[in-house]
Amino acid sequence: MNTPADDNNHLRYAEYVLGVLDADARAAVAHEVQTTEAAATAVALWQQRLMPLTEEVVEVEPAAYVWARIHHALQLNAPARGRPRQGLWNNLPLWHWLGIGASAAAIALLVVVTVPRTAPPAPTSTANPSYMAATIRQDNGVIGWTATMDPKNARMVVVPASPTAFASGRAPELWLIPPGGKPISVGMITPDQPTTLALDPALVAQLGPKAALAVSVEPIGGSPTGQPTGPVIAKGAISGVPEASAHPRKVASTGIGSGATTAMLNAPDTPGMQQKTATETDRRS
Amino acid sequence: MSATRTIEQQELNQLLIEIGSEDQKAFAELYKRTSSKLFGVCLRMLRDRSEAEEVLQETYTTVWRRASSFNVAKASAITWLMTLARNKSIDRLRQHREEQLDDPLKLDETPDDQPTPAGHAETSQAHQRLQGCLDELEPQQRSSVREAFFTGATYNELATRCKVPLGTMKSWIRRSLMQLRTCLDQ
């Protein structure tokens, strides 16, 4: 019944599914599958025939960060690691507001708003800051984003500080650059809105004053190679408080509400922040 | 056994349909149930953990985006997922093809002819049937087909690995494929 031409076609589809074709021949069949129903059906039949062989392959559990990366790449909600935390930390409009309009007055106001009068002073460790921040600047010095990291709860909030336009099909991807190391993808960020990112433990371990953050332009789903492929448009070191801008460095637990997430701004210790340190000390005593 | 398997298949189909309407919980569940299988396949082909992780990530991001095009009448969920993972792994291998050809160590690997777990109670009827048809092939041809499927090697690479002329390898594989089709479509 089959003509030689039929057989040849069948062979190409079978070879495609088996995986023996070289790059060009593969691409040709892949194109046919996209464009003709007959090719799509023939290939689907071969997949049904051969794919049961995959049952023989030993299962290997992938590392947990792969799922986190998938989540980041697709900009899905934070992975469900227990109940989502409530409180200021989750208050994106607040971060947005801080990122763009931060001022000493804003910080002072926040302190007033959030410090309960009866709360005892929260224990804080200056040697091991519980929060870190970075100002991610464009080459021209303009602040593109601010990032605040909460290593304990493995999350980061990235807030756009100035509008950045992206070509269609392109989006910003955030990278962590460990000292002397290769960039590690933190995730895709929303160009015009604050993004909360869950951090996998391997990434949290790399956070520190010697590491930096950078933003590159990538395809919507994220860099296909796992390394930045597009231009790096902004960079910034991770530190305590980013320069004179009044970004919160540490947020300490007040001991009420949902622990660390009921936040107050606590004793920043860079010179530019001395005044607020005094203010806060006053409030506490 | 096959009843359990059928239920599992149907559940996976259902999950994929739910993912098609952007159900994140279904996506997490599908990942939990299938990622180790897919990762095993990627890892076996790519033989490099971080590359396999990247391909696995690409695979599942594609699953999320294309789930709405999944048609249960055309393929089962697991076939659809495995196809995606294998295609992405093979594409990745082809990108590195030149490097591989330059690297005699990679070509020197012994052909993959592990004993198959055909007697395993856990393999599906479809697998047992395929295994039965593979068993009818000449041993060398059977081992070439298996090597091709699991490693994603090209004809050229297979010929080098098995130390036979390219033409011989092509005719082994092609004859095997036609034989398999006849056997399976009976």
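Residues numbered from 1 in each chain as written. Chains lettered and ligands numbered in written order. Predicted model: local features only at pLDDT ≥ 70, side-chain atom pairs only at ≥ 80, totals over all residues. Heavy atoms only, no water.

Undergrad: When you look at the overall build of chain B in this model, what are you seeing that I'm missing?
TA: Counting secondary structure elements, chain B contains ten helices and zero strands. Starting at the N terminus and ending at the C terminus, chain B contains elements arranged as α-α-α-α-α-α-α-α-α-α. Here chain B, with 186 residues, has 52% of them falling under the buried criterion. Long-range contacts, defined here as pairs at least 24 residues apart, represent 65% of the contacts in chain B between residues at least 6 apart. Surface exposure of chain B reaches about 9000 Å², of which carbon and sulfur atoms provide 48%. (Helix = DSSP H or I, 4+ residues; strand = E, 2+ residues; numbered from the N terminus. Buried < 20%, exposed > 50% of the residue type's maximum accessible area, 1.4 Å probe, protein only. Contact = heavy atoms within 4.5 Å. Areas by Shrake-Rupley, 256 points an atom, 1.4 Å probe, with all protein chains shown as cover.)

Undergrad: Just to check I follow, could you spell out the packing of helix α4 (residues 64-74) of chain A against helix α2 (residues 24-46) of chain B for this structure?
TA: The axes of two packed helices give the description: the angle between them and the distance between them. One way to put it is that α4(A) packs onto α2(B) with a least axis distance of 12 Å and a crossing angle of 150°. Relative to α2(B), the element α4(A) lies roughly antiparallel. Here α4(A) and α2(B) pass one another in a crossing that is right-handed. Contact with α4(A), carried on its side by Val66(A), Trp67(A), Ile70(A), His71(A) and Leu74(A), involves Gln24(B), Phe27(B), Ala28(B) and Tyr31(B) of α2(B) and no other residues of that element. (Axes fitted to C-alpha atoms, helices over the stretch in contact; angles between N-to-C directions. Parallel < 35°, antiparallel > 145°, perpendicular 65-115°, else oblique. Left-handed = near helix turned anticlockwise from the far one by under 90°.)

Undergrad: I tried to follow the packing of aromatic side chains on my own but got confused; where do I start?
TA: This structure, assessed with the given rule, holds six aromatic pairs over all chains. Between Trp67(A) and Phe27(B) the ring centres are 5.3 Å apart and the planes differ by 50°, which places this aromatic pair in the tilted class. Pair noted here: Trp67(A) is in helix α4 and Phe27(B) is in helix α2, and the two residues belong to different chains. The exposure classification of Trp67(A) matches that of Phe27(B), with both residues buried. Note on Phe70(B) and Trp80(B): the rings are 5.6 Å apart at their centroids and 65° apart in plane angle, and the pair reads as edge-to-face. Here Phe70(B), found in the loop between α3 (49-66) and α4 (77-95), pairs with Trp80(B), found in helix α4; they are ten residues apart in sequence, far enough to count as distant. In this structure, Phe70(B) and Trp80(B) share a single accessibility class: buried. Counting every residue linked through ring pairs, the aromatic cluster contains Trp67(A), Phe27(B), Tyr31(B), Tyr60(B) and Trp64(B). (Phe/Tyr/Trp six-rings, centres within 6.5 Å; stacked < 30°, edge-to-face > 60°.)

Undergrad: Explain the pattern of salt bridges to me, please; I cannot follow it from the model alone.
TA: When the charged atoms of two side chains lie near each other, side chains of opposite charge can form a pair. All names here are of chain B. A full pass over the atoms with the stated rule returns 15 salt bridges over all chains. Between Glu 51 and Arg 92 there is a salt bridge; the shortest N-O distance is 3.6 Å. Taken together, the residues span a long stretch of sequence, with Glu 51 in helix α3 and Arg 92 in helix α4 at a distance of 41 residues. Several salt bridges share partner residues, and in doing so they unite Glu 11, Glu 29, Lys 32 and Arg 33 into one network. (Salt bridge = Lys/Arg side-chain N within 4 Å of Asp/Glu carboxyl O.)

Undergrad: So what exactly am I meant to see when it comes to the interface of chain A and chain B here?
TA: It is common to give the size of an interface as the accessible area that goes away when the parts come together. Counting residues at the interface gives 49 residues for chain A, matched by 61 residues for chain B. At the boundary of chain A with chain B, total buried surface from both sides reaches about 4900 Å², with 63% on carbon and sulfur atoms. Linking chain A with chain B are six salt bridges. The closest approach of N and O atoms between Asp185(B) and Arg49(A), which form a salt bridge, is 2.7 Å. On the surface where chain A and chain B come into contact, there are 17 residue pairs in polar contact (both at pLDDT 80 or more). Broken down by secondary-structure element, the contributors of at least two residues to the side of chain A that touches chain B are α1 (4-18), α2 (23-35), α3 (37-50) and α4 of chain A. (Buried area = accessible area lost by both parts, 1.4 Å probe. Polar contact = N/O pair within 3.5 Å; in protein donor to acceptor, adjacent residues only side chain to side chain.)

Undergrad: For this particular structure, what's the right way to read the sheet that holds strand β5 (residues 184-188) of chain A?
TA: Strands belonging to one sheet form pairs held by backbone hydrogen bonds; the direction of such a pair is parallel or antiparallel. Residue and element names in this part refer to chain A. Pairing within the open sheet is antiparallel, and its eight strands lie in the order β5-β4-β7-β8-β1-β2-β3-β6. Sheet topology places β5 and β6 (195-198) at the edges, where each strand pairs with a single neighbour. When the angles between neighbouring strand axes are averaged without regard to direction, this sheet yields 25°. Bridge count between strand β1 (residues 132-138) and strand β8 (residues 232-239): four bridges; the pairing is antiparallel. The partner of Ala 133 across the bridge, within β8, is Ser 239. The strands that α4 touches are β5 and β6; relative to β5, the one it contacts most, it runs at about 45°. (Pairing = 2+ DSSP bridges.)

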